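A structural walkthrough
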Amino acid sequence: MKTLFLALLAGYIIFRSFMIYLSHKGRKTASNETLALKYFTPEEIKNGEEYARKSFGLSVLQRAVDFLFPFVFFFLAAKPLSWTLHEVLKGMGIHIVTLQVLIFLAVYFLCSFIIMLPFRFHFGYTLEHKFGFSNMTKKEWFLYSFKQFAVGTVITAIIVCAAYYIFRRPTIYLWLIPVVLLAFEFIITFLYPYLILPLFYKKSRFKDENYARPMREVAEKAGVKVNKIFQINESKYSKHTNAFFTGFGPEKSIYIFDTLIKTNTPEQVASVVAHEIGHWKNNHVLKNIFLSFAGSVLMTWIVYFTYSAICCYTGSDYPHFSLLDGSALTMSISDIGGLPLISAILTIFSFWLAPIENIVSRKFEVTADTYEIGMGGHPEIYIKSMVQLAKDNRSFLFPHPLVTFWYASHPPILERVKLGESYEKNQRTK
Ligand SMILES: [Zn+2]
């Protein structure tokens, strides 16, 4: 397992660097370029290329720092820090291990947040302003980032505390970890609009009947009862567009980003809603939850065996260790000090398993797109909404096929346009 991990680690560094190079380069073919020019101006195509290739050197550096951080933290700080925490808390007569987990997590996340902050600021603030996406002031941006960090930390802290509680039990209880993750996934998926959304967005009832009517019509046609339509003030943050659905059973609420209304006609917005209905009709949300459960079962065992192989798992809570006496790599999996290593193991295995997840996701998107076109019966509206989506988000039109295969959760825009065109052709021949 240790050799396998080291091989995957080396492969990760080499192959990921190659992928970064490919994603920068993209692949333009004569046929793709002709298709692109049919729907986009050369200026719009160039905009997408510029946005995709923004600050290339810095983005490579960002990824390198992000990758190295857990390793550096593990070798320099994890052991002394977790050991000191353990001793200090013991000295104070406190035996709550969960408290130690929480303090360690806070330090780890805060260090990572501070180190990554200049990159986040450059990509999330400076460049988003330069490309005309963001309307936030500096103060709003910092507040937003800090809120994101806080919410992310709280959610992760609950999961990590649960995981370490389970790590301290006999191995047989390990399967409880995927169960905890599954429960969390359910809660986050269904309670997102009530718990997390209000922390970032203001929602208001959507009143414009010109837009609401086609949305209701398309939903009714699909047998979905639209409960309420809400508008979210994404324009406060950016010009990126989106829409999604919430609710149990056939009764749904639709959430529309106000940015979507600004650049799309009522028919195009209804088409986007039809796509979301397509996901729901085909049970994609539930299927995704089930797949990520299967993924977390696999990951739990991978982490357990890899960590044990690297750290000579002894089973006891706090084996005596010292960074200087050569036993640096002897740390129980239940010691929070091993968290950075677990995070690195997760990063590396997730990278190698990413294509599986993304193949399924792209398949779901094609199904939803097909449903969307069939529902509306107007492939030209579908194509228009796809083209608008690409323009609004300055999409890169010529991603390299290998990069798409590995990373993309959605098919490239031109593939989706082609899907609409072939439907149009079929319609005409009928
Ligand atoms: Zn979709």
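Just so you know, these numbers come straight off a predicted model, no measurement behind them. (Residues numbered from 1 in each chain as written. Predicted model: local features only at pLDDT ≥ 70, side-chain atom pairs only at ≥ 80, totals over all residues.)

1. Side note on the packing of helix 12 (residues 284-311) against helix 13 (residues 339-376)
Relative orientation of the contacting elements helix 12 and helix 13 amounts to 155 degrees, with a least axis distance of 10 Å. Viewed along their axes, helix 12 and helix 13 adopt a mutual orientation that is roughly antiparallel. Viewed along their axes, helix 12 and helix 13 form a crossing whose handedness is right-handed. Note on element contacts: helix 13 touches helix 12 through Leu341, Ile342, Ile345, Leu346, Phe349, Glu357, Val360 and Phe364, opposite His284, Leu291, Gly295, Met299, Ile302, Val303, Thr306, Tyr307 and Ile310. Per-class residue counts for the contact of helix 12 with helix 13 are 13 nonpolar, three polar and one charged. (Axes fitted to C-alpha atoms, helices over the stretch in contact; angles between N-to-C directions. Helix = DSSP H or I, 4+ residues; strand = E, 2+ residues; numbered from the N terminus. Parallel < 35°, antiparallel > 145°, perpendicular 65-115°, else oblique. Left-handed = near helix turned anticlockwise from the far one by under 90°. Contact = placed C-beta atoms within 7 Å. Nonpolar A, V, L, I, M, F, W, Y, C, P; charged D, E, K, R; others polar.)

2. Looking at the nonpolar core
One finds Val101, Phe104, Tyr164, Tyr307, Leu341, Ile342 and Ile345 to be the most contacted residues of the largest nonpolar core, which totals 26 residues. At the level of secondary structure, the elements contributing two or more residues to this core comprise helix 4 (56-91), helix 5 (97-130), helix 6 (138-167), helix 7 (176-195), helix 12 and helix 13. For this core, the leading source of residues is helix 13, giving six residues. Ignoring sequence-local partners within four residues, the contact set of valine 101 consists of Val160, Cys161, Tyr164 and Ile336. In this structure, Tyr255, Ala270, Ile277 and Phe364 belong to the second largest nonpolar core, which totals 23 residues. (Core = buried A, V, L, I, M, F, W, Y, C linked by C-beta atoms within 7 Å. Buried ≥ 20, exposed ≤ 12 C-beta atoms within 10 Å, placed from the backbone.)

3. Quick notes on helix 9 (residues 209-221)
For an α-helix, 3.6 residues make a turn, and residues three or four places apart therefore share a direction. In this model, helix 9 (13 residues) spans 18 Å end to end at C-alpha, consistent with the 18 Å of a helix rising 1.5 Å per residue. Every buried residue of helix 9 is listed here: Tyr211, Pro214, Met215, Val218 and Ala219. Projected down its long axis, helix 9 shows its buried positions confined to an angular sector of 135 degrees, all on one face. Across helix 9 from its buried face, at more than 90 degrees, point the exposed residues Glu209, Asn210, Arg213, Glu220 and Lys221. Those residues of helix 9 hidden inside the fold are in contact with strand 2 (225-232), strand 4 (251-257), helix 10 (258-263), helix 11 (266-281) and helix 13. Backbone geometry just after helix 9 places glycine 223 at a positive phi near 80 degrees. (Expected span 1.5 Å × (residues − 1). Arc of directions from axis to C-beta.)

4. Overview of the sheet that holds strand 2
Read from one edge to the other, the open sheet built from four strands follows the order 1-2-4-3, with strand pairing classed as mixed. The sheet is open, and its two edges are formed by strand 1 (203-205) and strand 3 (243-246), each paired on a single side. When strand polarity is set aside, the average angle formed by the axes of neighbouring strands in this sheet is 30 degrees. In this structure, strand 1 lies alongside strand 2, joined through three bridges in antiparallel fashion. Following the sheet pairing, serine 204 is matched in strand 2 by glutamine 231. (Pairing = 2+ DSSP bridges.)

5. Things to note about unusual backbone geometry
Even without a glycine there, the phi angle at asparagine 283 is positive, about 55 degrees. Take asparagine 283: it is sitting in the loop between helix 11 and helix 12. The phi dihedral of arginine 394 falls on the positive side, at around 50 degrees, and the residue is not glycine. Locating arginine 394 in the fold gives a position in the loop between helix 14 (379-392) and helix 15 (401-407).

6. A look at the domain arrangement of the protein chain
For the protein chain, the domain assignment lists domain 1 (2-200 + 282-429) and domain 2 (203-281). Look at where the C-alpha atoms of domain 1 and domain 2 centre, and you get two points 27 Å apart. For the side of domain 1 that touches domain 2, the secondary-structure elements that each account for two or more residues are helix 12, helix 13 and helix 14. Ranked by residue count, the leading element in the side of domain 1 that touches domain 2 is helix 13, at eight residues. Classifying every residue of the side of domain 1 that touches domain 2 by side-chain character gives 13 nonpolar, nine polar and five charged. (Domains from an automatic or database assignment.)

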